[in-house]
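Chain residues, written in single-letter form:
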Amino acid sequence: MNKISLIVFLASSLFANIGKIVTLRGDVVILSDNKERIAKTNDILEENDKIITKNNAKLQIKFIDNTIVTLGKNTTLNIKDYVIDGKKSKVSLEVNNGHFKVISGNISKIARKNFEFQAKTATIGIRGTVFVGSLGKVDKVGCLEGAIDVKVGNKTSLVQAGNQLRFDNDKVIKIEKIVPKEFETINTGKESQVNTKQSYKNSESFNEFLNSKEEMIKAKQEYYQNKNYQDYKNNYKYNNERIRDLDTNSISKDIIKICNGNTYCIQNKINYANKGYLNGKDYQNNRQRNSTYGVQK
């Protein structure tokens with residue numbers, strides 16, 4: 001291959017690359033130039049590709065302008081147009097069955113009027129948006145962030161965040177508050193504010209965080225208990241003849257255990273014990289008198 005051919009090949013490849021599959025689960029098929037192939041993570045997508053998810057599948061696509069499209073099971077996405085070129089940008093996507101979620105990327109900033117998402121008989125336009133859809137026995141689209149323009153038949157409706165629109169062929173049935181459980185893809189990718197708290201608490205990463213936090217607290221307690229014990233021996237070692245028979249190991253361990261490693265608690269109890277011993281009081285009497293303060297009898 002000569003240099004000119006290589007340059008043309010690279011240029012055409014770069015131009016054709018409009019996005020890729022970033023996550024995938026289950027069985028997914030890509031139809032490209034009338035050829036079928038099994039989809040894999042990091043597969044490059046081109047204009048006119050058709051992505052088909054099976055009954056056990058879910059995937060997420062990231063396009064070159066950072067638009068993210070999530071497809072649920074039994075869904076077909078047709079990439080009709082995807083050109084990002086300033087104000088000349090044009091995006092046209094189509095889903096006629098299944099479940100989807102769309103997080104609009106730079107296209108919403110540079111040429112949002114040139115973005116079109118066809119969901120059966122509904123045409124969706126964006127306004128810096130996150131929206132979801134479910135097409136089946138009951139067709140509906142919902143807005144999670146921003147707003148969407150939904151054209152059904154000759155009527156265009158503005159659907160604000162937190163609302164959903166039900167439609168049947170070329171007729172709008174109702175605009176109502178969104179019902180999250182009716183949308184399979186609502187808890188994937190970027191979470192909506194409505195569902196973030198619940199999904200985060202139920203996630204594996206949150207449970208892992210809790211476990212690691214407990215381990216961290218336990219490790220810190222053990223560290224400070226050992227450190228405080230050593231500091232006690234180093235800084236409060238008795239040199240006075242009147243207390244040379246003092247069992248420092250026993251007292252320090254008891255104090256640390258009762259104080260649960262709290263530096264101020266340990267120091268106060270040690271100072272109290274020291275004061276009595278340095279005044280020449282009997283060691284055994286001190287142990288009995290101070291038992292209520294955490295010093296072992």
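Scroll up a little and you will see the structure.
Residues numbered from 1 in each chain as written. Predicted model: local features only at pLDDT ≥ 70, side-chain atom pairs only at ≥ 80, totals over all residues. Heavy atoms only, no water.

Peer 1: What is the right way to read unusual backbone geometry from this model?
Peer 2: Positive phi, close to 50°, is recorded for N74, a residue that is not glycine. Judged by its relative accessible area of 37%, N74 falls in the partly exposed class. (Buried < 20%, exposed > 50% of the residue type's maximum accessible area, 1.4 Å probe, protein only.)

Peer 1: Where do I start with the nonpolar core in this structure?
Peer 2: Here is a general trend for soluble globular proteins: nonpolar side chains tend to be buried in one another's company. Among the nonpolar cores identified, the biggest contains 40 residues, and I51, F100 and F117 are the most heavily contacted of them. What F117 contacts, discounting residues up to four positions off in sequence, is L93, V95, F100, V102, A122, T123, I124 and F131. Counting residues in hydrophobic clusters, the runner-up holds seven residues, among them I103, V130, L144 and I178. (Core = buried A, V, L, I, M, F, W, Y, C linked by side-chain atoms within 4.5 Å. Contact = heavy atoms within 4.5 Å.)

Peer 1: Explanation requested: the layout of surface pockets in the structure shown.
Peer 2: The gaps left among the atoms become clear once a water-sized probe is rolled over them. Of the voids in this model, the largest pocket is the one considered here, and its volume is about 170 Å³. Contributing to the lining of the largest pocket are 13 residues, with R112, K113, N114, F115 and G125 lying nearest its centre. Where the lining of the largest pocket is concerned, the elements lending two or more residues are β9 (90-95), β11 (115-119) and β12 (122-126). Looking at the lining of the largest pocket, the element that brings in the most residues is β12, giving four residues. Of the residues that constitute the lining of the largest pocket, the class distribution is four nonpolar, four polar and five charged. (1 Å grid on protein atoms, 1.4 Å probe; cavity = no way out; pocket = protein on both sides within 12 Å on 5 of 7 lines; lining within 4 Å. Points joined across faces, edges and corners; volume = space filled by probe spheres on them. Helix = DSSP H or I, 4+ residues; strand = E, 2+ residues; numbered from the N terminus. Nonpolar A, V, L, I, M, F, W, Y, C, P; charged D, E, K, R; others polar.)

Peer 1: I'm lost on the pattern of salt bridges in this one. Help?
Peer 2: If charged atoms from side chains of opposite charge come close, those side chains can pair. Taken as a whole, this structure holds six salt bridges when the rule is applied. Between R166 and E176 there is a salt bridge; the shortest N-O distance is 2.3 Å. In this pair, R166 sits in strand β17 (residues 163-168) while E176 sits in strand β18 (residues 171-177), placing the two residues 10 residues apart along the sequence. Judged by relative accessible area, which is 17%, R166 ranks as buried. For the salt bridge of E176 with K174, the shortest nitrogen-to-oxygen distance reads 3.7 Å. In this structure, a network of salt bridges that share partners links the residues R166, K174, E176 and E182. (Salt bridge = Lys/Arg side-chain N within 4 Å of Asp/Glu carboxyl O.)

Note that every value here comes from positions in space, so none of it alone points to a role or purpose.
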